[in-house]
Amino acid sequence: MARMKFLCDADRCIDCNACVTACKNENEVPWGINRRRVVTINDGKPGERSVSMACMHCTDAPCAAVCPVTCIYPTEDGVVLHSKDLCIGCGYCFYACPFGAPQYPQVGNFGSRGKMDKCTYCAGGGGPEAPGSAEEFAKYGSNRFGEGKLPMCAEMCSTKSLLAGDGEIIAQIYKERVLKRGYGSGSWGWMTAYGEGIRV
Amino acid sequence: MTFPVRIRLLVVAVALLLIAAAVPTQAEKLGPDGAPNPTASVVDEQTLLKQAPRIEGRIDILDPKASVLIEPAGRTWEYFHEVLLHRASAIVILGTITILGLAYLIMGQIRIAGGRSGKKILRFKAFERFAHWLTAVSFVALALTGLNITFGKTLLLPLIGPDAFARVSQAAKYVHDFTGFSFAVGLVLIIVIFFRDNLFERVDLDWIKQGGGFIKNKHAPAGRFNFGEKLVYWLSVAAGVAVSVSGFLLLFPFYGVDIVGMQLAQVVHAVVAVLFVALILAHIYIGTIGMEGAFEAMGTGEVDLNWAKEHHDLWLAQQLANEDRWEQPSATAAE
């Protein structure tokens, strides 16, 4: 069984935000919700690196563990999905997520959060809605995974720095790159998300 | 904020200040020709995490929360909430219920030794009772809905299924959010109304020396409130303020605090709330089944004269002296 992961090669990322735009467009993400974002470390200084970050679909996802209504769950492929029907908008998944992936539309009184929204690996919702249906799209966004396709962000990456796919395959691609070019700032987030980095 | 939490906050703050000075000189590495070498100057994830507990950068999004790239403390907080809090809360709450159960089985209800006199004296006026019950009812609602967040999925979800449980939890969330305000109002009233009578006096020392009357089974001297009650008051004030402040931070997320602040607020809120629940369980016990003649003080406002003589002798003497000054012929209060 494939274990789906994301890997952003920070040494190739040019902060073009194509991944951000692709995700927004493909999933019709409402204004204010940022499923994917690009963060630039040491901006303007030598050694500046940009990293594209969304939900990492962690092993032992802390968001799933902490959810009071257990609405977050991993699939067989390691994709972490959640049910917007069960979500009560308490915000705990955001406190637990090391990557700030869960997003909430501000919907009501005080800091009241609406249903949590996050990167779904373009795998739809996994809920009672028919895969690829209009209802599923309205709630969770596109279901490319059901058609055997990879997430739009990785497909649209202009420099192929954002890799998505089976963890072993993309780790292998990254290792070959680092060996060929002689440098690599590492697989950002892998230790925290999957409990293992990539040793080159 | 508890002491270790405060220390951790201080350490994090100092660490963050230190990076501000450290990073520029550390990041830049020079090449053999003296010019900066960009590739060598790259800082990787592990180095950055050693410098500071989280990695932040520059973003194009307006939301400042998005600038945090990785904060591994999220997993630590999750461990606290799912493991430590679960176990500690279960021990504290079940332990308290067990101890109270044992106390009832061993001591039984503390009875009025002289039997009821049939005569009553006013102990709590209507407004005082209102303040107490406003706070008390709010507290019970908050406790139940708050415990649902931690224990609901373990205890309630298997009984009613995920859909019904999600709907109950959604309603519980709104109840918790809004009842927090009535609790805060009631808390302020209680702090103000009962402040003077809860200041510690010399008679409290005597009460403590006699073990509150529990040791020799002889009633110890007390004013309007004995030392035990004063402890409940001050602990409730401290816990109530802590839980209200942290609760408001949680109600208005990220208003002036960042992710660390929010995680801290939740930790304080949860820990204090659980201890508060244990305290109030003991308070409810002694005020209802634990002691004969206690509940009517808050229920109707009037207590039996013998009860007052045995448990709050100094207060009773003062009340009767006041009435004598007003030249009232009977021992019962005006209303």
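Rules and cut-offs
Residues numbered from 1 in each chain as written. Chains lettered and ligands numbered in written order. Predicted model: local features only at pLDDT ≥ 70, side-chain atom pairs only at ≥ 80, totals over all residues. Helix = DSSP H or I, 4+ residues; strand = E, 2+ residues; numbered from the N terminus. Rg over C-alpha atoms; globule rule 2.2 N^0.38 Å. Buried ≥ 20, exposed ≤ 12 C-beta atoms within 10 Å, placed from the backbone. pLDDT = per-residue confidence, 0-100. Core = buried A, V, L, I, M, F, W, Y, C linked by C-beta atoms within 7 Å. Contact = placed C-beta atoms within 7 Å. Nonpolar A, V, L, I, M, F, W, Y, C, P; charged D, E, K, R; others polar. Axes fitted to C-alpha atoms, helices over the stretch in contact; angles between N-to-C directions. Parallel < 35°, antiparallel > 145°, perpendicular 65-115°, else oblique. Pairing = 2+ DSSP bridges.

Draft legend 1. Quick look at the overall build of chain B. What chain B contains, in helices and strands, is 12 helices and four strands. The C-alpha atoms of chain B give 27 Å as radius of gyration, which overshoots the globular expectation for 335 residues (20 Å, by more than 25%). Taken along its principal axes, the extent of the C-alpha atoms in chain B is 105 × 50 × 35 Å. Per-residue burial for chain B yields a buried fraction of 27% across its 335 residues.

Draft legend 2. Up close: the confidence of the model for chain B. The pLDDT averaged across chain B works out to 89; a share of 92% of its residues lies at or above 70. Interface confidence for the predicted complex, expressed as ipTM, amounts to 0.92; the pTM equals 0.87.

Draft legend 3. Layout of the nonpolar core. Counting residues in each nonpolar core, the largest one holds 102 residues, and the members touching the most others are A:Val51, A:Cys93 and A:Leu162. In terms of residue count, the dominant contributor to this core is helix α9 (residues 259-287) of chain B (16 residues). Ignoring sequence-local partners within four residues, the contact set of A:Leu162 consists of A:Phe6, A:Cys8, A:Cys19, A:Ser52, A:Cys153, A:Ala154 and A:Cys157. With 10 residues, the next largest nonpolar core counts B:Ile112, B:Phe124, B:Ala297 and B:Leu316 among its residues.

Draft legend 4. Region of the structure containing the interface of chain B and chain A. The partner chain A presents 38 residues to the 47 residues of chain B that form the contact. For the side of chain B that touches chain A, the residue count by class is 23 nonpolar, 11 polar and 13 charged.

Draft legend 5. Fine view of the packing of helix α3 (residues 73-107) of chain B against α9(B). Residues and elements named next belong to chain B. In contact at an axis separation of 10 Å, α3 and α9 are set at 5° when each is read in the N-to-C sense. Put simply, α3 runs roughly parallel to α9. Of α9, the residues touching α3 (which contributes Ala73, Trp77, Phe80, Leu85, Ala88, Ser89, Val92, Ile93, Thr96, Ile97 and Leu100) are Val260, Gln263, Val267, Ala270, Val274, Leu275, Val277, Ala278, Leu281, Ala282 and Tyr285. Grouping the constituent residues of the contact of α3 with α9 by class yields 19 nonpolar, three polar and no charged.

Draft legend 6. Looking closely at the pairing of strand β3 (residues 49-53) of chain A. All names here are of chain A. The buried count for β3 comes to five of five residues, which makes it a mostly enclosed element. Side chains Arg49, Val51 and Met53 project from β3 onto one buried face, and the interleaved Ser50 and Ser52 project onto a second face that is buried too. By the bridge criterion, five bridges tie strand β2 (residues 37-41) to β3 in an arrangement that is antiparallel. Its bridge partner lying in β3, Val39 is registered against Val51.

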